[in-house]
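What follows is the residue order along each chain.
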Amino acid sequence: MNKKLAAALSGGAVLVLALSGCSDDEGDKVGDWAKTFCDQAKPQIQKRADAHQIIISTAADSKPAEIQAADSKAFQDIANADRALAKAVESAGAPPVENGQKIQQDAIKELNATAVAYEGLKKQVDALDPTNQQKFADGLQGVADGLTKIEKMDQNALSKLEDGELGQAMAKQPGCQKPTASVPPKASGSPSPQPGSTSSDSDSDSDKGSDTAPTGKPSAKPSQKAPATKRAE
């Protein structure tokens, strides 16, 4: 059921994790700024990766109540991580590059706005009724639609920091590298009910197949299989 949600989150997870490129000529000040920020950012990047893995793992074979709890926790964890990343940007000071102060302020503003948006999704998930399979699937679709919009915010939050020599300096820092989720993948088990089933017929329909085609949208419909766990953030 969490298949589409996991797919959408995988896009928003990239943030600092997709940094690439190397340069040997950036100044020490830029490198120092990158180290200061990335050292503080590392645990938050890890927290985001773990939150994504929770959603992906829960998608394997989960009941609505389990999905609700996992998604709620994951959204709150990501919100907390984004707020902490905003504080890390603030603590590091304005990066020593052109328009550094504006880049810093934009990143702080966007990260905090993304945190608020994830908390909004958490409230949506918390308000769903897991005892009615059909209503839960329909409600989760609304969460999926909201997450699609937040994904773009999430990807853009630190995009300016990733440009030019500042991004190259950050790419060299271990703290800004792509992490490995510390939450182990959940093994596949019994399939979850189909999107069209209700609380009264979910037991009888639980063994039927459902659409497991890959998608870039969030989890809104029950799925029989867990998505591939190749991850970014």
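This section reports on the structure supplied with the text. (Residues numbered from 1 in each chain as written. Predicted model: local features only at pLDDT ≥ 70, side-chain atom pairs only at ≥ 80, totals over all residues. Heavy atoms only, no water.)

### Remarks on the overall build of the protein
Thought 1: Check the secondary structure of the protein and you find seven helices and zero strands.
Thought 2: Along its sequence from the N terminus, the protein presents helices and strands in the succession α-α-α-α-α-α-α.
Thought 3: Here the protein holds 233 residues, and the buried ones make up 50% of them.
Thought 4: For the protein, the exposed surface amounts to about 10600 Å²; the carbon and sulfur share of it is 50%. (Helix = DSSP H or I, 4+ residues; strand = E, 2+ residues; numbered from the N terminus. Buried < 20%, exposed > 50% of the residue type's maximum accessible area, 1.4 Å probe, protein only. Areas by Shrake-Rupley, 256 points an atom, 1.4 Å probe, with all protein chains shown as cover.)

### A short note on the state of the cysteines
Thought 1: Inspection of the entire model under this criterion finds one disulfide.
Thought 2: Linked covalently through their sulfurs, Cys 38 and Cys 176 form a disulfide whose S-S length is 2.1 Å. Taking the torsion about the sulfur-sulfur bond, which here is approximately -95°, the covalent link between Cys 38 and Cys 176 counts as left-handed. Placement of Cys 38 in helix α2 (residues 28–58) and of Cys 176 in the loop between α6 (164–171) and α7 (202–205) is noted, with a sequence separation of 138 residues between them. The burial state of Cys 38 is the same as that of Cys 176; both residues are buried. (Disulfide = S-S within 2.5 Å.)

### Some thoughts on the packing of aromatic side chains
Working definition: an aromatic ring pair is given by the centre-to-centre distance plus the angle between the planes.
Thought 1: Inspection of the entire model under this criterion finds two aromatic pairs.
Thought 2: Look at Trp 33 and Phe 37: their rings are 5.6 Å apart centre to centre, the planes differ by 15°, and that puts the pair in the stacked class. With Trp 33 and Phe 37 both in helix α2 and four residues apart, the pair spans about one turn of that helix.
Thought 3: A residue is classified by how much of its surface remains accessible, and Phe 37, at 0% relative accessible area, is buried. (Phe/Tyr/Trp six-rings, centres within 6.5 Å; stacked < 30°, edge-to-face > 60°.)

### Considerations on unusual backbone geometry
Thought 1: Backbone geometry at Asn 99 places phi at a positive 60°, although glycine is not the residue there.
Thought 2: Relative to the helices and strands, Asn 99 is located in the loop between α3 (64–92) and α4 (100–126).

### Things to note about the environment of Cys 176
Thought 1: Judged by relative accessible area, which is 1%, Cys 176 ranks as buried.
Thought 2: For the pair Cys 176 and Pro 43, spaced 133 residues apart in the sequence, the C-alpha separation amounts to 9.8 Å.

### A word on α6
Along an α-helix, residues three or four positions apart point the same way, because every turn accommodates 3.6 residues.
Thought 1: Residues of α6 that are buried include every one of Leu 166, Gly 167, Ala 169, Met 170 and Ala 171, and no others.
Thought 2: As for α6, its buried residues are in contact with α2. (Contact = heavy atoms within 4.5 Å.)

### Remarks on the nonpolar core
Thought 1: Counting residues in hydrophobic clusters, the biggest one holds 24 residues, and the most contacted among them are Phe 37, Val 89, Leu 161 and Met 170.
Thought 2: For this core, the secondary structure elements donating two or more residues are α2, α3, α4 and α6.
Thought 3: For this core, the element with the highest residue contribution is α2, accounting for seven residues.
Thought 4: Among all residues touching Leu 161, those that are not within four sequence positions of it are Trp 33, Val 89, Pro 95, Ile 103, Ala 107, Leu 166, Gly 167 and Met 170.
Thought 5: In this structure, Phe 75, Tyr 118, Phe 136 and Ile 150 belong to the second largest nonpolar core, which totals 18 residues. (Core = buried A, V, L, I, M, F, W, Y, C linked by side-chain atoms within 4.5 Å.)

### So, the pattern of salt bridges
Thought 1: Under the counting rule described, the total for this entry stands at six salt bridges.
Thought 2: The partner of Lys 35 in a salt bridge is Asp 39, and the shortest N-O contact between them spans 2.7 Å. Note that Lys 35 and Asp 39 are positioned in helix α2 at a spacing of four residues, about one turn of the helix.
Thought 3: We classify Lys 35 as partly exposed; its relative accessible area is 43%. (Salt bridge = Lys/Arg side-chain N within 4 Å of Asp/Glu carboxyl O.)

### Quick notes on the packing of α4 against helix α5 (residues 133–156)
Thought 1: Closest axis-to-axis distance for the α4/α5 pair is 10 Å, and the angle between their directions is 165°. As judged from the angle between their axes, α4 and α5 are roughly antiparallel. Where α4 crosses over α5, the handedness of that crossing is left-handed. Along its contact with α4, which presents Glu 110, Ala 113, Thr 114, Ala 117, Tyr 118, Leu 121, Gln 124 and Val 125, the element α5 presents Gly 142, Val 143, Gly 146, Leu 147, Ile 150, Met 153, Asp 154 and Asn 156. (Axes fitted to C-alpha atoms, helices over the stretch in contact; angles between N-to-C directions. Parallel < 35°, antiparallel > 145°, perpendicular 65-115°, else oblique. Left-handed = near helix turned anticlockwise from the far one by under 90°.)

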